Amino acid sequence: MIFWIIIGWVGYCLLPWYMVEGGLWSFEWLFSGYPFDEDFAPALFLTAQGEKLWLVPLLIPLALPLLVLGKPKSDPIYAKILILAGALGFGWLIAQGFGIGIRGFNFDWLKALFGEPKIRQFGMGYGAMLCASAFLFLLTQGIAARGAVNGDVFVVSAIGGVITIVTAFVFFPIANMLFSAFVTEKGAYSVFVFASKFFDDRLWGLGCFWGAKCGAAWNSLFLAILVGLITTVLGLCFALVVTRSGFRFKRGMRALTVLPIITPPFVIGLALILLFGLSGSVTVFFADLFGVQPTRWLYGMPGVLIAQTLAFTPIAFLVLIGVVEGVSPSMEEAAQTLRANRWQTFRTVSLPLMRPGLANAFLLGFIESMADFGNPLVLGGNFDVLSTEIFFAIVGAQYDQGRAAVLAMVLLFFTLSAFYAQRAWLGKKSYTTVSGKGDAGVHPLMPNGLAIPVVAIATIWALFTAVVYGMIIYGSVVELWGVNNTLTFKHYVTAFSVRFEEEGIRWTGAAWDSFWTTISIAAIAAPLTAAVGLVTAYLLTRQNFAGKNAFEFGTMLSFAIPGTVIGVSYILAFNVPPIEITGTGVILVVSFIFRNMPVGVRAGIASMSQLDRSLDESSLTLGANSWQTFRRVILPLLKPAILAALVYSFVRAMTAISAVIFLVSAEYDMATSYIIGRVENNDYGLAIAYSTTLIFVMLAAVGLLQFLVGRVQIGRRTQIGAERTT
Amino acid sequence: MGGKTLKKLTTTLAGSLIVFAASMGAAQADKLTFYCSAQEDWCQLMARSFEDATGIDVNMTRKSSGETFAQIRAESSNPKGDVWWGGTGDPHLQAAEEGLTMEYVSPMRDQLHDWAISQAESAGNKTIGIYSGALGYGYNSDLLAANNLPEPACWKDLLKPEYKGHVQMANPNSSGTAYTTLASMVQIFGEDEGFEFMKGLHANINQYTKSGSAPIKAAGRGENTIGIVFMHDAVKQAVSGFPVKVVAPCEGTGYEIGSMSIIEGARNEEEAKKFYDWALSAEAQNLALEVNAFQVPSNKGAQTSESAPDMSQIKLIDYDFKKYGSSDERKRLLQKWDEDVSVLPQ
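### Concerning the overall build of chain B
Counting secondary structure elements, chain B contains 14 helices and 11 strands. A total of 346 residues make up chain B; the buried ones form 52% of that total. Partitioning the contacts of chain B with sequence separation of at least 6, the portion at a separation of at least 24 is 77%.

### Topic: the overall build of chain A
Per the secondary structure count, chain A includes 32 helices and six strands. The buried share of chain A, reckoned over its 726 residues, is 47%.

### Quick look at unusual backbone geometry
Residues and elements named next belong to chain B. Of note, the phi angle at Asn125 is positive, near 60 degrees, even though the residue is not glycine. Looking at where Asn125 falls in the secondary structure, it is placed in the loop between α5 (114–122) and β5 (128–140). For Asn292, which is not glycine, the phi dihedral falls at a positive 55 degrees. Take Asn292: it is sitting in the loop between α12 (282–286) and β11 (296–297). When the 19 C-beta atoms within 10 Å are taken as the criterion, Asn292 is described as partly exposed.

### As for helix α29 (residues 639–655) of chain A
Taking 1.5 Å per residue as the helical rise, α29(A) with its 17 residues ought to reach 24 Å, and the 24 Å between its terminal C-alpha atoms agrees with that figure. When you tally the buried positions in α29(A), you get 13 out of 17 residues, the bulk of the element.

### A short note on the nonpolar core
A:Leu272, A:Leu320, A:Ala645, B:Phe34 and B:Val83 are the most contacted members of the largest nonpolar core, which has 305 residues in total. A total of 15 residues in this core trace back to one element, the largest contributor, which is helix α14 (residues 301–326) of chain A. Not counting chain neighbours up to four residues away, the residues in contact with B:Val83 comprise B:Leu32, B:Phe34, B:Met260, B:Ile262, B:Ile263, B:Ala272, B:Phe275 and B:Tyr276.

### A few points about the domain arrangement of chain B
Residue and element names in this part refer to chain B. Partitioning chain B into structural domains gives domain 1 (31–132 + 256–307) and domain 2 (134–254 + 329–341). Facing the 10 residues of domain 1 at the interface are eight residues of domain 2. Looking at the side of domain 1 that touches domain 2, its residues break down into two nonpolar, six polar and two charged.

### What about the environment of A:Asn484?
Inspection of the secondary structure puts A:Asn484 in strand β4 (residues 484–487). For A:Asn484, the contacting residues outside a window of four places in its chain are A:Glu479 and B:Gly241.

### Details of the environment of A:Arg403
Within the secondary structure, A:Arg403 is located in helix α20 (residues 401–426). Spatially, the C-alpha atoms of A:Arg403 and A:Gly127 are 39 Å apart, while their sequence positions differ by 276 residues.

### What about the packing of helix α15 (residues 329–337) of chain A against helix α16 (residues 342–353) of chain A?
The geometry of a pair of packed helices is captured by two quantities: the angle between their axes and the separation between those axes. Residue and element names in this part refer to chain A. Look at α15 against α16: their axes get within 10 Å of each other, and the N-to-C directions meet at 140 degrees. In terms of orientation, α15 and α16 fall into the oblique class. As α15 runs across α16, the sense of the crossing is right-handed. The segment α15 lies against α16, with Met331, Glu332, Ala335 and Gln336 engaging Thr345, Val349 and Ser350.

### Some remarks on the confidence of the model for chain B
All names here are of chain B. The share of residues in chain B with pLDDT of 70 or more is 92%, and the mean pLDDT across the chain is 84. Per-residue pLDDT stays below 50 along residues 1–28; that stretch engages in 27 contacts with residues further than four places along the chain or on separate chains. In the predicted assembly, ipTM is 0.73 and pTM is 0.77.

### Considerations on the pairing of β5(B)
All names here are of chain B. Burial of β5 is extensive: 13 of the 13 residues sit out of reach of the surface. Here six bridges tie β5 to strand β10 (residues 255–263), and the two strands are oriented antiparallel to one another. Note that in β10 the partner of Tyr131 across the bridge is Gly258. When β5 meets β11, the two strands line up antiparallel, connected through two bridges. By the bridge assignment for β11, Ser132 is matched with Val296.

### Regarding the confidence of the model for chain A
Low pLDDT marks regions whose predicted coordinates should not be analysed in detail. Residues and elements named next belong to chain A. For chain A, per-residue confidence averages 77 on the pLDDT scale, and 83% of positions sit at 70 or higher. Taken element by element, the predicted model of chain A shows its lowest mean pLDDT in strand β2 (residues 104–105) (64) and its highest in helix α10 (residues 216–244) (89). When the criterion is pLDDT under 50, residues 711–726 qualifies, and its contacts beyond four places in sequence or with other chains add up to five contacts.

### Quick look at the environment of A:Gln96
Residue and element names in this part refer to chain A. Among the secondary structure elements, Gln96 is positioned in helix α4 (residues 76–99). Classification of Gln96 as partly exposed rests on a count of 18 C-beta atoms within 10 Å. Between the C-alpha atoms of Gln96 and Thr555, which are 459 residues apart in sequence, the distance is 27 Å.

Parameters and conventions
- Residues numbered from 1 in each chain as written.
- Chains lettered and ligands numbered in written order.
- Predicted model: local features only at pLDDT ≥ 70, side-chain atom pairs only at ≥ 80, totals over all residues.
- Helix = DSSP H or I, 4+ residues; strand = E, 2+ residues; numbered from the N terminus.
- Buried ≥ 20, exposed ≤ 12 C-beta atoms within 10 Å, placed from the backbone.
- Contact = placed C-beta atoms within 7 Å.
- Expected span 1.5 Å × (residues − 1).
- Core = buried A, V, L, I, M, F, W, Y, C linked by C-beta atoms within 7 Å.
- Domains from an automatic or database assignment.
- Nonpolar A, V, L, I, M, F, W, Y, C, P; charged D, E, K, R; others polar.
- Axes fitted to C-alpha atoms, helices over the stretch in contact; angles between N-to-C directions.
- Parallel < 35°, antiparallel > 145°, perpendicular 65-115°, else oblique.
- Left-handed = near helix turned anticlockwise from the far one by under 90°.
- pLDDT = per-residue confidence, 0-100.
- Pairing = 2+ DSSP bridges.

Right, dumping it as structure tokens:
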């Protein structure tokens, strides 16, 4: 507690209260008039000079906890004072932050009450942030002292912390954005605006049944269901081939499935055009062969479907492989002992036990397809889907943010419905097959009638993926794609040339700037994402508290919302005080953390539910508190999940585009937005060369991390075994 | 007890910091946040050349004009950008209409073409023309020959049934280029006949793309035969080595005026004005030649590329930017297009 009191005072008295221009890491303010200059002064100096007097009341909650310093935790006064101080301070901080903006009061009733004095303030800086966290944790300590969650300070603080940041960076911006669905052009609120935008023919039209176009909502829904089904089936095929067949090239197939995950957007689409477009090599070949006119069949639903299936099958595979491996061989053996043949065993035992995996794979395919932006943009033709419609409602010639909000709501409704449908389908049945007992059996092979088509499908699809990636590499080393096929390395040279001079290496290539920014932002975001995700997973699996379901829903929300909506809502919410971070690297890091956190949460929950609760209990019985238990017992056992979360968030931070395109700025340009700029400018060679380089960089990173996972796992197992026996 | 000693400690610490800080002087370099909506390499060149010319640090962000407009509007209560250069004129006019940009009369005006100044006057001096480009179309000559199609020369040629499935344009709802096309047709043929033209065209269109220059890029790659775009975009394809021919339609055509505006509430207003004046100079506009930008510069003294479409040979209509750039007229035309044209079967 003393720690947080000190933090609060430091924040109030020592550090600049407001956001310092020039970024979080510039320390220029130390030398330019600090601490008296209005821009850099701590709150104490501001108020002492008679400025920003609305910060004075914060002194009360800062001073209050000093009263109970010597008192024991069990004293009821202790808890009351802390809760009072924390709530007062935090509440006042937020109230003043929203109440007084860059142009004085933000609300008309405040103006009515106090007139319009010449007051203004910028976004919160170090000082305000420290104060806010101090108040927050004083509050949680007070709540813990009252006996919530067995008086466990760590758990209450963790819950408070996660709720606060999820509210600030997920609920607040999204609610802010969705509200604009009800705003008329003149800024008033009205339900009719929403209705007129909602019941739009472009959204719900069913014209495709009689030759015209269908609405974007139906297109998206239909496409997402198809993609979900196909990716699940293909993913299952791959998983079965890898675990239950004698197929020889299993390892190669497994490696191939990783590729699409680490591929920047647009690249698959461009490769497909090169193969199957109007002048694509495959199209032209077959047109010549059969003497027919080549067509533009690729543009529209077929193209988007192929591209999304290519991109999302690996995700289904990764979900299913764990489940398929997890089905206990003993159960299958039991079925066989009871005279079931291999086909019966598969159909009545193995397949039903895979239901959770199938449902999850479908759900992920469905959501990814709904939120996908790059593929429909390149291959969509006249096939409109929600994600691109949202983007062009905002940046297109309509400038209709309200329409974007309405479309986002429809999209969100679809994804959430899918989420609940999945839960309902799984029901409350038990699918547990992994128990503490020894389970040394071997998975039976697939029945032959199944094995042949499954291996055939998997092989054909794997070959197809290989061809597409071959095209990508080829595209990066030809002069001008599709026109001049002379081999050249000039695109790599333009992007990544370096010059060795006396002062050292000079990065002269055009791509270096965005390359280093991307790598460093991804590297900063990855560990933070993993940390937030795992703490959340710990709270969800190991602790019980009121509002847990709503809490879980909130953490999944940012995953289900398309990046475009996140991007715009972040600009709208974080361009003005109290949290003013647009144009900085911070906003990119924050957006990646909350976009990718749900995967960390899922991975964490999955591995944590495998850990027996008796481990925690014995640790607690031996006198450790829950923080020590988390750090010493659970965390070491979670290393594989940590690394999975790290890999995923690192890779996604390097390949994400839809949110990023709104958040990049001059100083912080990301690789993907740079690539899109090149594509727009016809530099296909450069764009593909850059993408290919990114693919190899990420392959190296993933390989390195996988190598670490393997080693850590083995090392830890023996160590834990040793500890247990002693 | 800890609290009081702590407070003492912090005050003494703060005191020593004051002395320390007071002894250091503050020296901040001039800087400019530059939103650019032209092609990437042109933006880079403008930013670096302005830095060389003035010593002002430039922070450049490149986004399409629609994205930049969306960003400026989102940032309006706390502007981050100073000057917005490039991109088609409509969003600049729209920004002026909404009060997002600032009034400024540059001393460079007497060096400019009339169309650049009339652009400024129609927006209450809140924006100004920096280059112009005429609307037209381009075709892939290989594909045209492969399909035994005649070479088109006029707008009305595109309505011929043999071009069915060979024409591409952007969706006016998402692209400024396509909106300019719609507004030009209305001005060339009159509103009723203009919409009849759009309906006839609709029957031949194979795809309404999202982005304005996508049709001609698709034509370059051999994915489409004819693309309705700004002619300088088509020229760029041809110069890049793709088999693209550029057509200036015989009936006359509309044009865009690429514009520049200073953002209202700019944090570096002085620097923004310096950039504004510099960008209107002949030497700044000559930079376009280095990056294959084939628009016509607004400074009378600036050079135009040899490959650029010769504006004196093109029949330009008297495009009414004030009327067709206003949001009411835009909404009306787009809605009419949505209801009368886009729903027709193809």
